[in-house]
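Here are the chains, one letter per residue:
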Amino acid sequence: MKRHPARRIVRSALDLLYPPRCPLCGERSRSAHSACAGCEPRLNRLASDALIDLPWRVWVGRARSCFAHEDPVRRALWSLKYEGEIFALPFFARELERALGEIGAHDAVTCVPMQGLRVVGRGANAPALLARALARGCGMRFDPGLVVRVRSVERQVGQGRQERIENVRGAFAANAGRAKKIEGRSLLVVDDVMTTGATINECARALMKAGAGRVDAITVARAL
């Protein structure tokens, strides 16, 4: 189908006034939907599932991440989480959708719940934004309230592996008011970054204990 000449003129004018920017670094680019020539070669795309090695049972079925947690992805995620900059959100959502194609469809998409005060202190609730965008792109239901926090946890930035694992143990529970949306369902938990895998595993544990049929996980980045 050919575009109307007037639409091409309008698009050219908009591109002239508002040239496309790279979703990761913000520099001028040929497209706002993909990494620029400077960022693309630096992307460390991950092609295999994450190996979650914990000192207790792993409840996650499959865990996938799109990229290694390195710049420019790390910088763009930081801007999303702490500055509320959502420019890279569509790019990350498409990458999550691509990685999800290797896992398969799910009945619903949920996300790792953030602590209330931290949501206020941060620029954006990154897990919820990513999960919502992914669900919309895949035509799946987004249900952010399936998992709730039952206790506060210390900030994990700067903590070692064992500290991170112990810090989140028992911190989550399934939402008792949404039992019918959990029982027997195949669910996908979304987070921005996976470090040890302990956080998503605790979310998966809570959902599986509540009767979920399967729980997989997906993140934008993974610490290597």
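Above this text sits the structure in question.
Residues numbered from 1 in each chain as written. Predicted model: local features only at pLDDT ≥ 70, side-chain atom pairs only at ≥ 80, totals over all residues. Heavy atoms only, no water.

**Digging into the overall build of the chain**
Scanning the chain from terminus to terminus reveals seven helices and seven strands. Per-residue burial for the chain yields a buried fraction of 46% across its 224 residues. Of the roughly 11,800 Å² of accessible surface on the chain, 52% is carried by carbon and sulfur atoms. (Helix = DSSP H or I, 4+ residues; strand = E, 2+ residues; numbered from the N terminus. Buried < 20%, exposed > 50% of the residue type's maximum accessible area, 1.4 Å probe, protein only. Areas by Shrake-Rupley, 256 points an atom, 1.4 Å probe, with all protein chains shown as cover.)

**Topic: helix α6 (residues 161–168)**
All of the buried residues in α6 are Arg 164, Ile 165, Asn 167 and Val 168. End-on view of α6: buried residues confined to an arc of 165 degrees, all on one side of the axis. (Arc of directions from axis to C-beta.)

**Thoughts on empty space enclosed by the protein**
Inspection of every chain in the model, using the stated rule, returns one cavity of 30 Å³ or more. Taken together, Arg 42, Leu 43, Asn 44, Ala 68, Glu 70, Asp 71, Pro 72 and Val 73 make up the full set of residues lining the largest cavity. (1 Å grid on protein atoms, 1.4 Å probe; cavity = no way out; pocket = protein on both sides within 12 Å on 5 of 7 lines; lining within 4 Å. Points joined across faces, edges and corners; volume = space filled by probe spheres on them.)

**A closer look at the packing of helix α3 (residues 89–100) against helix α5 (residues 126–138)**
Contact geometry of α3 with α5 gives a least axis separation of 9 Å together with a crossing angle of 60 degrees. Classified by the angle between their axes, α3 and α5 sit oblique to one another. The two elements α3 and α5 cross, and the hand of that crossing is right-handed. Contact with α3, carried on its side by Leu 89, Phe 92, Ala 93, Leu 96, Glu 97 and Leu 100, involves Leu 129, Leu 130, Ala 133, Leu 134, Gly 137 and Cys 138 of α5 and no other residues of that element. (Axes fitted to C-alpha atoms, helices over the stretch in contact; angles between N-to-C directions. Parallel < 35°, antiparallel > 145°, perpendicular 65-115°, else oblique. Left-handed = near helix turned anticlockwise from the far one by under 90°. Contact = heavy atoms within 4.5 Å.)

**Description of unusual backbone geometry**
A cis amide bond, omega 10 degrees, links Asp 71 with the succeeding residue Pro 72. Locating Pro 72 in the fold gives a position in the loop between β1 (63–68) and α2 (73–83).

**Some thoughts on the environment of Ala 198**
The residue Ala 198 is located in helix α7 (residues 198–209) in this model. Separated by 144 residues in sequence, Ala 198 and Leu 54 have C-alpha atoms that sit 7.2 Å apart. Once residues within four sequence positions are removed from consideration, Ala 198 is found in contact with Leu 54, Arg 164, Ile 165 and Val 168.

**Thoughts on the pattern of salt bridges**
Counted by the stated rule, this structure contains 12 salt bridges. Note that Arg 62 and Asp 49 form a salt bridge whose closest N and O atoms lie 2.7 Å from each other. In this pair, Arg 62 sits in the loop between α1 (5–17) and β1 while Asp 49 sits in the loop between α1 and β1, placing the two residues 13 residues apart along the sequence. Overall, Asp 49 belongs to the partly exposed group, its relative accessible area being 29%. Between Arg 214 and Asp 216 there is a salt bridge whose closest N-O contact spans 3.1 Å. Judged by its relative accessible area of 2%, Asp 216 falls in the buried class. (Salt bridge = Lys/Arg side-chain N within 4 Å of Asp/Glu carboxyl O.)

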